[in-house]
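# Coordinates in review
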Amino acid sequence: MPAQHGAASPEAPRPSGDAVAPPAGGDAVATHCPYCALQCAQTLTVTPGARLPLEVSGRDFPTNRGGLCQKGWTSAEVLRASDRVTSPMIRTADGGFREASWAEALDLVAGRIDALQESHGRDSIAIFGGGGLTNEKAYALGKFARVALRTPYIDYNGRFCMSSAAAASNRAFGMDRGLGFPLADLGGADAVLVLGSNMAVTMPPFVQHLAGARERGGLVVVDPRETVTARLTRDDQGIHLAPVPGTDMVVLLALTHIVLAEGLADLTYLETRTTGLDAVRRAVASWWPERAESVCGIPADELRRTARLLAAASPSRGGRGAYVLTGRGMEQMSQGTAAVTAAINLALCLGLVGRTGSGFGPVTGQGNGQGGREHGQKSDQLPGYRMITDPAAREHVAEVWGVDPDSLPGPGVPAVRLLDSLGRDGGPKALLVHGSNLVVSAPNADAVRASLSRLDLLVVCDLVPSETALMADVILPVTQWAEEDGTMTNLEGRIIRRRQAVEAPGEARSELWILRELARRLGVVGGFSDDPRVVFDELARASAGGIADYSGVDYDRLDAGEEIHWPCPATGHPGTPRVFLERFATPDGRARMIPVDHHAPDDDVRAGARTYLVTGRVLQHYQSGAQTRRVAELAAAQPEPFVEVHPLLADSLSLVDGEPAILTTVRGEAIATVRITEDVRPDTVFMPFHWAGEGSANRLTNDVTDPISGMPEFKVTAVAIAPAGFPDNAVPEEVSAP
């Protein structure tokens, strides 16, 4: 299998700065930030008697080079959140909660699960996981679903993050590893094309890797807003393209058209390393620049300038190299898989993928968004990125687990379908939630709240009383990043160590312990360890021979500071920092070029909803905000929901800066404070999604999904917007379905 994934770098594994003890020594512990997939390296120094149990400092590492963002610097604050859940909580008859012992809480949960499965079958129980769980927890959760519960119904919030990019990569390359190269490689490129990612805000230390492209005028950012990342292109450091929301794919189709029409493609590479060029050539023939301009709004000459810049940077034309990077802004669409496929086709036409110094890659968002999707949380997968429908995969994993392959359930359903089915006839009656705040983070949030309300049993493992936890029948307190050991896999496919620095408060326990104790109560007395080292060793065996092969990795190698990227199929194998250097992970070793075409958003602008709503993040908050909204410094910097509005749109709708506005879609309403700015298009408003309640952006977003990946269309919907205090005779017309 190793050759199928591409060649590893020839040198021996290098120290990554991730050895057991950082230079500080003493009570200092080397670990990584609890937030995004950059997984910035941190040193945690224990501070007995202080307000916080430890002090955080940045640590030199290839991804962050010692830097941290504001969230990372303040991450210790969440360890002592004033409302930290420190004992199991059981809902009372009056709707409140009372503290309970672990024995009582777990007995209750196991008893209710037994009763529901006895009455309604094994598939009456579902699990929803999270992309922030360690590899060990993600693996154990998938195993628990298939072995202890024997239910097909498991999925996770990574479905909302990387599913379209994963689907596109798998069908083009035969493998999905996010960035197939070390992040530091970006620094040598002449050009970097960024579509739908605002990494200067979401993962600020990333930006230093773009410095080389900026110096050479080669940073290209595609975003309908002039984000902080887009502003990096000012002063002749690159190009910012601001398309109509939902038309990133048109930009890509036009760029590919120009590359092919002007003879800028790497034809030798295309002939020797790909299939499907003729079909793609025919598909993009109808997207000449002037036609694309009429749809996406980018002037034809700007499209030509961009295509020529990227081509000049490509190795086949003597350039230093180029990269194409995608983010959620273009992936969270009902055509997300097709849009990423269009990005891959462009990268292949330029001869970038599988070449040192060039490449394609989606920028993973969640802390373990990569590892979390490799080892069993997805509805159709087993560890090692194996498909659960593959008889050989079932046999291999079942042997590791010590069960009959026929006892393993088949595939479940993607997240949106799973959530909609909760409590309905034939759907799951109970849901166990780990590492996810669905009430805030899922699309069409009011419908999700209704789904959770239909359940007979909702169990939430969390460290704080999140909005989802407050709906639960049972809340189980869990450990945080500084209170546990494990591994994570960052956006480069680099396997890294998370290390415990302090004890968890009260009765908080690791999910590994919780799953072991629940499994025992459900009659599975072996096979679930609460020792993360033991769990990782089993994960490595289960992944052996799979696409995501970790079988050559162990804690000793990681603790020695080895820099290991998967696949790593044998002890002593150096890992694979750069994939596809020799061949792609397809049967014939060639990348597949697949023709795709554009369609408009499902909920497009129309009479009564004339404005596009796009959503995203702010620097100070992360995901649903359950953690960051509890950090005083971060909450003070971004205290409330807001909506960015262009001055022209604000004037036409009588919106006032600093005053509340009401936003309405066919799914719901939200209220947010108006911020007037020229950073957003006049036909578009932007709203971050970190808040709950009346300011929740996901009360507005569309839960229609990509037909291949199951990704919801978070990133564009039609919205009506008006001042929140308008008189009765100024109420906007009712928003109706398109």
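What you are looking at is a predicted structure, and each value in this text was computed from that prediction instead of being measured.

On to the sheet that holds strand β26 (residues 684-688). The strand order around the closed barrel formed by 6 strands is β22-β26-β23-β25-β24-β29, and the pairing between neighbours is mixed. On average, adjacent strands in this sheet sit at an angle of 45° to one another, irrespective of strand direction. The sheet contact formed by strand β23 (residues 642-645) and β26 spans 2 bridges and is antiparallel. Directly across from Glu-644, in β26, lies its bridge partner Phe-686.

Take the sheet that holds strand β16 (residues 430-434) next. If you walk across this open sheet you meet the 7 strands as β5-β4-β18-β17-β16-β6-β7, and the pairing is mixed. The sheet is open, and its two edges are formed by β5 (97-99) and β7 (154-156), each paired on a single side. Along the sheet, successive strands turn relative to each other by an average axial angle of 20°, direction set aside. Along the sheet, helix α3 (residues 102-120) contacts β4 (89-91), β5, β6 (125-129), β16, β17 (457-462) and β18 (474-477); its crossing angle with β18, the most-contacted strand, is approximately 130°. Packing against the sheet, helix α4 (residues 135-149) makes contact with β6, β7 and β16, and its axis sits at approximately 175° to β6.

What follows deals with helix α19 (residues 445-453). Looking only at α19, the buried set comprises Ala-445, Val-448, Ser-451 and Leu-452. Seen end-on, α19 carries its buried residues on one side only, within an arc spanning 110°. Contacts made by the buried residues of α19 are with α17 (415-421), β16, α18 (438-441) and β17.

Another aspect to go through is the packing of aromatic side chains. Per the counting criterion, the structure on display carries 14 aromatic pairs. Seen in terms of ring centroids, Phe-144 and Phe-528 are 6.1 Å apart; in terms of plane orientation they differ by 80°. Their pairing is edge-to-face. On the criterion of sequence distance, the pair formed by Phe-144 in helix α4 and Phe-528 in the loop between α20 (511-521) and α21 (532-543) is long-range, its members being 384 residues apart. There is no split in this pair, since Phe-144 and Phe-528 are both buried. One residue, Arg-291, lies across the ring of Trp-287, its end atom 3.7 Å from the ring centre.

Let us look at empty space enclosed by the protein. According to the stated counting rule, one finds 5 cavities of 30 Å³ or more in the structure shown. Approximately 150 Å³ is the volume found for the second largest cavity. Along its surface, the second largest cavity is lined by 22 residues, and Gly-180, Phe-181, Phe-360, Val-579 and Phe-580 are the ones closest to its centre. Per-element tally for the lining of the second largest cavity: the top contributor is strand β13 (residues 359-362), with 3 residues. When the residues that make up the lining of the second largest cavity are grouped by side-chain class, the tally is 10 nonpolar, 8 polar and 4 charged.

Right, let's talk about the packing of α3 against α20 for a bit. Contact geometry for α3 and α20: axes closest at 9 Å, N-to-C directions at 55°. In this view, α3 runs oblique relative to α20, as classed from their interaxial angle. Remark: the crossing between α3 and α20 carries right-handed chirality. Together, Trp-102, Ala-103, Leu-106, Asp-107, Val-109, Ala-110 and Asp-114 of α3 and Trp-513, Ile-514, Glu-517, Leu-518 and Arg-521 of α20 make up the contact between the two elements. Classifying every residue of the contact of α3 with α20 by side-chain character gives 8 nonpolar, no polar and 4 charged.

Turning next to unusual backbone geometry. A cis geometry characterises the amide bond from Trp-566 onward to Pro-567, with omega recorded as 0°. As for its placement among the helices and strands, Pro-567 is situated in the loop between α22 (555-559) and β21 (591-592). We note that Arg-65 has phi near 50°; this positive angle belongs to a residue other than glycine. Tracing the backbone through its elements, the reader meets Arg-65 in the loop between β3 (54-58) and α2 (70-73). The phi dihedral of Asp-236 is positive, around 60°, even though this residue is not glycine. Examined against the element boundaries, Asp-236 turns out to sit in the loop between α8 (228-231) and β10 (238-241).

For the rest of this paragraph, the subject is the layout of surface pockets. A water-sized probe, rolled over the atoms, reveals where empty space remains. Empty space within the largest pocket amounts to approximately 310 Å³. Every residue lining the largest pocket is counted, 18 residues in all, and those nearest its centre are Asn-170, Lys-378, Asp-380, Gln-381 and Met-387. Counting residues per element, the lining of the largest pocket draws most heavily on helix α5 (residues 163-173), which supplies 5 residues. Residue composition of the lining of the largest pocket, grouped by class: 7 nonpolar, 7 polar and 4 charged.

Confidence in the prediction of the chain, expressed as mean pLDDT, is 95, and 95% of residues score 70 or more. Overall, residues 7-13 carries pLDDT values under 50, and its contacts beyond four positions in sequence, including any with other chains, amount to 16 contacts. Every residue in residues 728-732 scores below 50 in pLDDT, and together they form 3 contacts with partners more than four places removed in sequence or on other chains.

What follows covers the environment of Met-203. Structurally, the position occupied by Met-203 is in the loop between α6 (199-202) and α7 (211-215). Placed 135 residues apart in sequence, Met-203 and Leu-68 show a C-alpha to C-alpha distance of 8.7 Å. If near-sequence neighbours (up to four positions away) are discounted, Met-203 is found in contact with Cys-36, Ala-37, Leu-38, Val-363, Thr-364 and Leu-491.

On to the side chain of Thr-664. Here Thr-664 lies in strand β24 (residues 660-664). Looking at Thr-664, the relative accessible area reads 17%, which means it is buried. Residue contacts for Thr-664: discarding those within four places in its chain leaves Glu-669, Leu-700, Ala-718, Val-719, Ala-720 and Val-735.

Enumeration over the complete set of coordinates arrives at 42 salt bridges. Its salt-bridge partner being Asp-301, residue Arg-304 comes within 3.3 Å of it at the nearest N-O pair. Here Asp-301 and Arg-304 lie together in helix α13 (residues 300-313), a separation of 3 residues that amounts to about one turn. For Arg-304, a relative accessible area of 18% puts it in the buried group.

Right, let's talk about the pairing of β13 for a bit. The two faces of β13 match: Gly-359 and Gly-361 on one face and Phe-360 and Pro-362 on the other face are all buried. As paired strands, strand β12 (residues 322-326) and β13 are joined by 4 bridges and run parallel to one another. Its bridge partner being in β13, Thr-326 is matched across the sheet by Pro-362.

Moving on, we come to the environment of Trp-401. Here Trp-401 lies in helix α16 (residues 391-401). Sequence separation between Trp-401 and Cys-36 is 365 residues; the distance between their C-alpha atoms is 31 Å. At a separation of 2.7 Å, a polar atom in the side chain of Trp-401 contacts the side chain of Tyr-139.

The element strand β29 (residues 717-723) is largely enclosed, with a buried count of 6 among its 7 residues. Pairing analysis gives 3 bridges linking strand β22 (residues 611-616) to β29, with the strands arranged antiparallel. Bridge pairing in β29 places Tyr-612 opposite Ala-718. As defined by bridge partners, β24 adjoins β29 across 4 bridges and the pair is classed as antiparallel.

This part takes up the nonpolar core. With 118 residues, the main nonpolar core has Phe-144, Phe-173 and Leu-193 as its most contacted residues. The residues touching Phe-173, leaving out its near neighbours within four places in the chain, are Ile-344, Leu-348, Val-353, Phe-360, Phe-580, Phe-584, Ala-585, Thr-586 and Ala-591. Listed in part, the 48 residues of the second largest apolar core include Ala-37, Val-194, Val-207 and Val-502.

Turning our attention to α16. All of the buried residues in α16 are Ala-393, Arg-394, Val-397, Ala-398 and Trp-401. End-on, the buried residues of α16 take up no more than an arc of 120°, which puts them together on one face. For α16, the exposed residues lying more than 90 degrees away from the buried face are Pro-391, Ala-392, Glu-395 and Glu-399. Taken together, the buried residues of α16 touch α4, β14 (381-382), β15 (386-387) and α21. A side-chain oxygen of the first residue of α16 lies 3.1 Å from the backbone nitrogen of Ala-392; this N-cap is Asp-390.

Cut-offs used in this document
Residues numbered from 1 in each chain as written. Predicted model: local features only at pLDDT ≥ 70, side-chain atom pairs only at ≥ 80, totals over all residues. Heavy atoms only, no water. Pairing = 2+ DSSP bridges. Helix = DSSP H or I, 4+ residues; strand = E, 2+ residues; numbered from the N terminus. Axes fitted to C-alpha atoms, helices over the stretch in contact; angles between N-to-C directions. Contact = heavy atoms within 4.5 Å. Buried < 20%, exposed > 50% of the residue type's maximum accessible area, 1.4 Å probe, protein only. Arc of directions from axis to C-beta. Phe/Tyr/Trp six-rings, centres within 6.5 Å; stacked < 30°, edge-to-face > 60°. Lys NZ or Arg CZ within 6 Å of the ring centre and 35° of its normal. 1 Å grid on protein atoms, 1.4 Å probe; cavity = no way out; pocket = protein on both sides within 12 Å on 5 of 7 lines; lining within 4 Å. Points joined across faces, edges and corners; volume = space filled by probe spheres on them. Nonpolar A, V, L, I, M, F, W, Y, C, P; charged D, E, K, R; others polar. Parallel < 35°, antiparallel > 145°, perpendicular 65-115°, else oblique. Left-handed = near helix turned anticlockwise from the far one by under 90°. pLDDT = per-residue confidence, 0-100. Salt bridge = Lys/Arg side-chain N within 4 Å of Asp/Glu carboxyl O. Polar contact = N/O pair within 3.5 Å; in protein donor to acceptor, adjacent residues only side chain to side chain. Core = buried A, V, L, I, M, F, W, Y, C linked by side-chain atoms within 4.5 Å.

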